[in-house]
Amino acid sequence: MLKRTVIKLSGEAIGCKNSPSGYNDIIISDILGQIKAVMASGTQVALVVGGGNLWRGRSANAEMDRVKADQMGMLATVMNALYLADACRRAGMKAQVVTPIPIGTMTQLYEKEHVLAQMAAQTVIINAAGLGHPYFSTDTITALRAAELEADCVLYAKSIDGVYDSDPAKNPGALKYKYLSYRTAITQSLNAADMAAMHLSAEANIPSFVFNLNAPGAITLACNYPDTQELKGTYVSNDRTKMDLFW
């Protein structure tokens, strides 16, 4: 069981266009229920949430200035984080939204020692607004926070069940990695996470685990890392004894 982890959730995972709130409260309740259970078992949890359910940057308007598009994306993640924090409250959990930039009284400015103390006190830390700068993805802030907080593993909860040697949507014969080295992920530009995130985690020597959020009990199983055989995701690390093997 992990002692401390940073989990990346996409905005699409929690959003729902057909819901009056714009959020899928059934999925959010399931996610938080799993997080509550693993925290009760001793795992400290920090989340990073994306904003793709509300804003997709320049893919929404290709003529936009990149900086402005990314700033809007940061604000979208803050909205998602605030919603998740309130969902935590409703589920009987403590939560704190932290950002790298001041956002009035709505969020707490990120500070490592404060965050570690909050996590030790069974508070879910929800990171929003990315790095506070354009040109960086929420994958990057996930890897950075994991390094800063000395997490045991970075968990990437995705809509795909691991990392493949090619796009499985285009190649029916694509093979899924069980173990993947950061070196291979980077040199072959495999879609584990963005390259900046992969470089950060490799340098900090923190493993990553890429898995399908929609699998039953996915977060609970992922937090059992490295004993995650039921989940069958992809381990990414610098471990030379577990490199570039397929399921």
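This text follows the structure it describes.
Criteria and cut-off values
- Residues numbered from 1 in each chain as written.
- Predicted model: local features only at pLDDT ≥ 70, side-chain atom pairs only at ≥ 80, totals over all residues.
- Heavy atoms only, no water.
- Helix = DSSP H or I, 4+ residues; strand = E, 2+ residues; numbered from the N terminus.
- Buried < 20%, exposed > 50% of the residue type's maximum accessible area, 1.4 Å probe, protein only.
- Contact = heavy atoms within 4.5 Å.
- Axes fitted to C-alpha atoms, helices over the stretch in contact; angles between N-to-C directions.
- Parallel < 35°, antiparallel > 145°, perpendicular 65-115°, else oblique.
- Left-handed = near helix turned anticlockwise from the far one by under 90°.
- Nonpolar A, V, L, I, M, F, W, Y, C, P; charged D, E, K, R; others polar.
- Salt bridge = Lys/Arg side-chain N within 4 Å of Asp/Glu carboxyl O.
- Pairing = 2+ DSSP bridges.

K.L.:
Explain the side chain of Asn80 to me, using residue names and the numbers behind them.
P.N.:
For Asn80, the location among the structural elements is in helix α3 (residues 66-90). Looking at Asn80, the relative accessible area reads 0%, which means it is buried. Other than its neighbours up to four places away in sequence, Asn80 contacts Gly11, Ile14, Tyr23, Val49, Gly50, Gly51, Asn53 and Leu54.

K.L.:
Could you give an account of the packing of helix α5 (residues 138-148) against helix α7 (residues 195-204), naming the residues involved and the relevant values?
P.N.:
Running from N to C, α5 and α7 point in directions that differ by 15°, and their axes come no closer than 8 Å. Between α5 and α7, the crossing angle belongs to the class labelled roughly parallel. In this structure, the crossing between α5 and α7 has a hand that is left-handed. Between α5 and α7, the contacting residues are Asp139, Thr140, Ala143, Leu144 and Ala147 on the first element and Ala196, Ala197, Leu200, Ser201 and Ala204 on the second. Taken together, the residues of the contact of α5 with α7 break down into seven nonpolar, two polar and one charged.

K.L.:
Give a detailed account of the pattern of salt bridges, specifying residues and quantitative values.
P.N.:
A complete count under the given rule lists eight salt bridges for this structure. Here Lys8 and Asp139 are joined by a salt bridge, their closest N and O atoms 2.9 Å apart. Taken together, the positions of Lys8 in strand β1 (residues 4-9) and Asp139 in helix α5 put the pair 131 residues apart, joining distant regions of the chain. Residue class for Lys8 comes out buried when judged on its relative accessible area of 11%. Between Glu12 and Arg56 there is a salt bridge, with its nearest N and O atoms 2.6 Å apart. Residue Glu12 is found in helix α1 (residues 11-14), and its partner Arg56 is found in the loop between β2 (44-49) and α3; the two are separated by 44 residues along the sequence. Overall, Glu12 belongs to the partly exposed group, its relative accessible area being 41%.

K.L.:
Which residues make up unusual backbone geometry, and what are the values?
P.N.:
Its identity is not glycine, yet Glu150 carries a phi of approximately 55°, on the positive side. Along the chain, Glu150 falls in the loop between α5 and β6 (153-158). In this structure Glu150 comes out as exposed when scored by relative accessible area, which is 53%. The phi dihedral of Asp244 falls on the positive side, at around 55°, and the residue is not glycine.

K.L.:
Can you break down the sheet that holds β6 residue by residue, with the values?
P.N.:
Spatially, 10 strands are ordered β4-β3-β5-β2-β1-β6-β8-β9-β7-β10 in an open sheet, and the strand pairing comes out mixed. Strands with a single pairing partner mark the edges of an open sheet, and in this sheet they are β4 (108-109) and β10 (245-246). Sheet topology note: the strand β3 (residues 94-99)/β4 ladder contains two bridges and is parallel. Note on β4: the bridge partner recorded for Thr99 is Leu109. Against the sheet, helix α4 (residues 112-120) makes contact with β1, β2, β3, β4 and β5 (123-127), and its axis sits at roughly 140° relative to β5, the strand it touches most. Here α7 sits on the sheet and contacts β6, β8 (208-212) and β9 (234-237); the angle it forms with β6, its principal contact strand, is near 155°.

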